[in-house]
Amino acid sequence: MTSAAEAAEGPVLWSQEVLGLRAVAGPGGSVRLGPPGQDWDTLLPLVEVTATGHGRTWSGERFIDTAIGERLAYRGHETVQDGEWRCTTIALADPVTGLLAEVALRTCPGAGFLRSRVRLVNEGGVPLLLESVSSLALGGLADGALGGLTLHWADNDWLAECRWRRSPFRDQVVRLSRSAHGHEGRGCFERFSQGSWSTGRHLPVAALTEQAGRAWLWQIESSAGWRYETGEREGAAYVALFGPDDAHHQWRRTLAPGEEFSTVPATLAGARTGGLDAAFGQLTDCRRRMRRGHPDHTALPVIYNDYMNTLMGDPTTGKLLPLIEAAATAGAEVFVVDAGWYDDDAEGWWDAVGAWEPSGRRFPGGIGRVLNAVREHGMTPGLWLEPEVVGVRSPLARTLPPEAFFRRGGVRVTEHGRHHLDLRHPAARAHLDRVVDRIVGEWGVGYLKLDYNINPGPGTENGEESTGAGLLGHHRAHLDWLNAVLDRYPRLVLENCGSGGLRMDYAQLAVAQLQSTSDQQDPLRCPPIAASAATAVTPEQAAVWAYPQPHFTPDLIAFTLTGAMTGRIHLSGFLDRMDPDRFDLVRAGLSVYKELRHRIPDSLPYWPLGLPGWEDSWIAFGRRGTDADWLTLWRRAAAPGDDAGDSTRTVPLDHLRGARVTPTVLYPATADASAAWDAAHGRLTVSLPRPDTAVLLRLDARAPHPGRED
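These figures come from a predicted structure and were not determined experimentally. (Residues numbered from 1 in each chain as written. Predicted model: local features only at pLDDT ≥ 70, side-chain atom pairs only at ≥ 80, totals over all residues. Heavy atoms only, no water.)

## Observations regarding the packing of aromatic side chains
Moving on, step 1. Under the defined criterion, the tally for this structure stands at 18 aromatic pairs.
Moving on, step 2. Between W164 and F280 the ring centres are 5.7 Å apart and the planes differ by 90°, which places this aromatic pair in the edge-to-face class. Of this pair, W164 sits in strand β12 (residues 163-168) while F280 sits in helix α6 (residues 275-290), placing them 116 residues apart in sequence.
Moving on, step 3. Each ring, one from W218 and one from Y228, has its centre 5.6 Å from the other, and the planes form 75°; the classification is edge-to-face. With W218 in strand β15 (residues 215-220) and Y228 in strand β16 (residues 227-233), the pair connects residues that are ten residues apart, well separated along the chain. The same class applies to W218 as to Y228, namely buried.
Moving on, step 4. The rings of W341, Y342, W349, W350, W356, W384 and W443 are connected pair by pair, giving a single aromatic cluster.
Moving on, step 5. Directly above the aromatic system of F405 lies the positively charged group of R412, at a separation of 4.0 Å from the ring centroid. (Phe/Tyr/Trp six-rings, centres within 6.5 Å; stacked < 30°, edge-to-face > 60°. Helix = DSSP H or I, 4+ residues; strand = E, 2+ residues; numbered from the N terminus. Buried < 20%, exposed > 50% of the residue type's maximum accessible area, 1.4 Å probe, protein only. Lys NZ or Arg CZ within 6 Å of the ring centre and 35° of its normal.)

And the structure:
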């Protein structure tokens, strides 16, 4: 085994002190990424590539130990400054195939994150059929301490998003007798997407943490297939991040001589202390820096949407006008007419959509009357749109060319009564451009909720391309189209929605301003989603429903509003039918939110009770700001067999230990909540006397008086 000291005889090509990583050129020119001081064999080649005829050196379920990855040798590197980002590109070459791999490592000085992307160029003389390419691969983690390592990952589903789980690393990656067999195991812990709902099964985010507080956290930025794996290599942990591949996504890419391919980006964030909360703080910082700039990220207007538990896809002028007036009076600043505004079909709109023309039956005299009413009440008008689909009964299904749709085996894909557009085709893109130019340019709509309610499977075949390659091509064309829309209408706000949070990835969120986090209609099921949303999206982009109703108790009205204050309020409900006391409770909540929202974009999330379980009675979510903390706590009725029905809960806040903290109840006044601070132990004791209540607290902290404990 070659030691790290021997490997260090080659140059250190790149290093990141906060993450504690460096890329080193070792014997034979191989370049590997990992912590300093690790044995060379615990580290992975900087890029792992499988190609037909060039597989792995050790067969199994892993996508590491690839023959091409082992052969790639250092050719050169350069570092350039790109605004606040510093980018080091390391070039590697395979002497057998002539494949060039350029690995771009991007970070910001002093930050605890790294973004990586790989560009491949075929400099050889024959085509190369790619089957998988890593975006980021590193090893040497937790060397010799795997028994104290914890694995964290998130399951995701419709109505049940962001459900984090944790397990000892050794429960998922079992200890084997390496010395007895002379080989590593063949398996790993992996998660991957399936089809075009990138988060339909899991989030593309996961982490490893050590008991001492060190954490490594990663995300993959793709709506067209992703996979990560972690396992053991020579007594240390490794992580390898991929976009789509052949085995899981039917992705293959023929790289002819002179052609190139770039992977999807991946991000690694980490912290030496502070555990998962600190790592999520670093990832939140990275997400804010990598996304497209937009004024909505700091303005954070209150959005009313007529759909959830209210009109549910059945808008009319008569139903909307009283809601518009009530929403404006309550304090909403954007009013979105959701699904159904285009419905003029006697057989229903689901399988007839595509033209996106307003319904004359629903809006006598035109939809302009509704949009003008929104503006007259001081709000920005918004509309729902599902741009990537065309219903099977829509005239567009016949007038657009066959090549403008997803096809497999020469047959147009049909899913749940819809066809799927391929935005690489100019006719598909021109159609959507005409729709947006009419809605935004002519009607003056300033907000588009872009939904995505079907999963058309692994993708589309255009000529000889693989199905997964077609999906990746469409995905990149879709992002290009979204960027072009914002180039034309720079103040337009785009909400990314995929049946709630089923396409909640940072390929989309680097472009769109908001993310729908769920379609959950039960207010008592919303807290674990709302509290965990900041693991998937920055708080200022996380749209959380608040749907107070006239029949709700004051506690339940405050409960649904308090949860939405963790990020972006998506208000709904029949506000026009409320009695004055209930309406004032809604208005008071929006007023509180407007006072604190300017602090959200520079705050960092944390979870003092840990990431919530789906059935947890007490849930806590905090935001750490520059001058105060904001803490949201929910108390739900105890689940069957749960003895956590107490009306008080002690919340550890170690980062405030020793400080003089003044807790203030911001909302609601009706929950009878109270909070007491124990400075010596860094604990806040919160009382919520009744179940199914919530409270938002502000925690102002000052240094203690010398020689005195408060």
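## Describing the packing of helix α15 (residues 554-564) against helix α16 (residues 580-596)
Moving on, step 1. The N-to-C vectors of α15 and α16 enclose an angle of 25°; their axes lie 10 Å apart at closest approach. As judged from the angle between their axes, α15 and α16 are roughly parallel. Between α15 and α16 the crossing geometry is right-handed. Touching P554, I557, A558 and L561 of α15 are R582, L585, V586 and L590, all from α16.
Moving on, step 2. Looking at the contact of α15 with α16 residue by residue, the class counts come to seven nonpolar, no polar and one charged. (Axes fitted to C-alpha atoms, helices over the stretch in contact; angles between N-to-C directions. Parallel < 35°, antiparallel > 145°, perpendicular 65-115°, else oblique. Left-handed = near helix turned anticlockwise from the far one by under 90°. Contact = heavy atoms within 4.5 Å. Nonpolar A, V, L, I, M, F, W, Y, C, P; charged D, E, K, R; others polar.)

## Notes on unusual backbone geometry
Moving on, step 1. With an omega of -5°, the peptide bond between Y667 and P668 qualifies as cis.
Moving on, step 2. Even without a glycine there, the phi angle at D65 is positive, about 55°.
Moving on, step 3. Structurally, the position occupied by D65 is in the loop between β5 (49-51) and α2 (67-71).
Moving on, step 4. For L300, which is not glycine, the phi dihedral falls at a positive 50°.
Moving on, step 5. With respect to the element layout, L300 can be found in the loop between α7 (296-299) and β21 (303-305).

## Considerations on the sheet that holds strand β2 (residues 21-25)
Moving on, step 1. Strands sit in the order β1-β2-β3-β4 across an open sheet of four strands; the sheet is antiparallel. In the strand order of this sheet, the two ends are held by β1 (12-16) and β4 (44-45), each with one partner.
Moving on, step 2. Alignment of strand β3 (residues 31-34) against β4, held across two bridges, turns out to be antiparallel. From the neighbouring strand, R32 faces β4, where its bridge partner is P45. (Pairing = 2+ DSSP bridges.)

## Let's talk about the sheet that holds strand β38 (residues 674-678)
Moving on, step 1. Across the sheet, which stays open at both edges, the three strands sit in the order β36-β39-β38 with antiparallel pairing between neighbours. Both outer strands of the open sheet, β36 (648-652) and β38, are each paired with one neighbouring strand and no more. Adjacent strand axes in the sheet meet at a mean angle of 20°, parallel and antiparallel pairs treated alike.
Moving on, step 2. Across five bridges, β38 lies against strand β39 (residues 683-687) in antiparallel orientation. Bridge pairing in β39 links D678 to R683.

## Here's the deal with the side chain of E190
Moving on, step 1. Structurally, the position occupied by E190 is in strand β13 (residues 189-192).
Moving on, step 2. Within the structure, E190 has its side chain in polar contact with the side chain of R227 (distance 2.6 Å).
Moving on, step 3. Beyond its immediate sequence surroundings of up to four residues, E190 is in contact with R227, Y228, E229 and H248. (Polar contact = N/O pair within 3.5 Å; in protein donor to acceptor, adjacent residues only side chain to side chain.)

## Digging into the packing of helix α9 (residues 317-330) against α16
Moving on, step 1. Contact geometry for α9 and α16: axes closest at 9 Å, N-to-C directions at 55°. One finds that α9 runs oblique with respect to α16. Here A326, T329 and A330 of α9 lie close against α16, whose contacting residues are F583, V586, R587 and L590.
Moving on, step 2. Looking at the contact of α9 with α16 residue by residue, the class counts come to five nonpolar, one polar and one charged.

## Details of the pattern of salt bridges
Moving on, step 1. According to the stated counting rule, one finds 45 salt bridges in the structure shown.
Moving on, step 2. Across the pair E84 and R289 runs a salt bridge whose closest N-O atoms are separated by 3.0 Å. Of this pair, E84 sits in the loop between β6 (73-82) and β7 (85-93) while R289 is found in helix α6, placing the two residues 205 residues apart along the sequence.
Moving on, step 3. The shortest N-O distance in the salt bridge between E221 and R115 comes to 2.4 Å. One end of the pair, E221, is in the loop between β15 and β16; the other, R115, is in strand β9 (residues 113-122), with 106 residues separating them in the sequence.
Moving on, step 4. Owing to a relative accessible area of 3%, E221 belongs among the buried residues under this scheme.
Moving on, step 5. Note on R115: relative accessible area 15%, which makes it buried.
Moving on, step 6. By sharing partners, the salt bridges in this structure join D314, K319, D343, D344, R361 and R362 into a single network. (Salt bridge = Lys/Arg side-chain N within 4 Å of Asp/Glu carboxyl O.)

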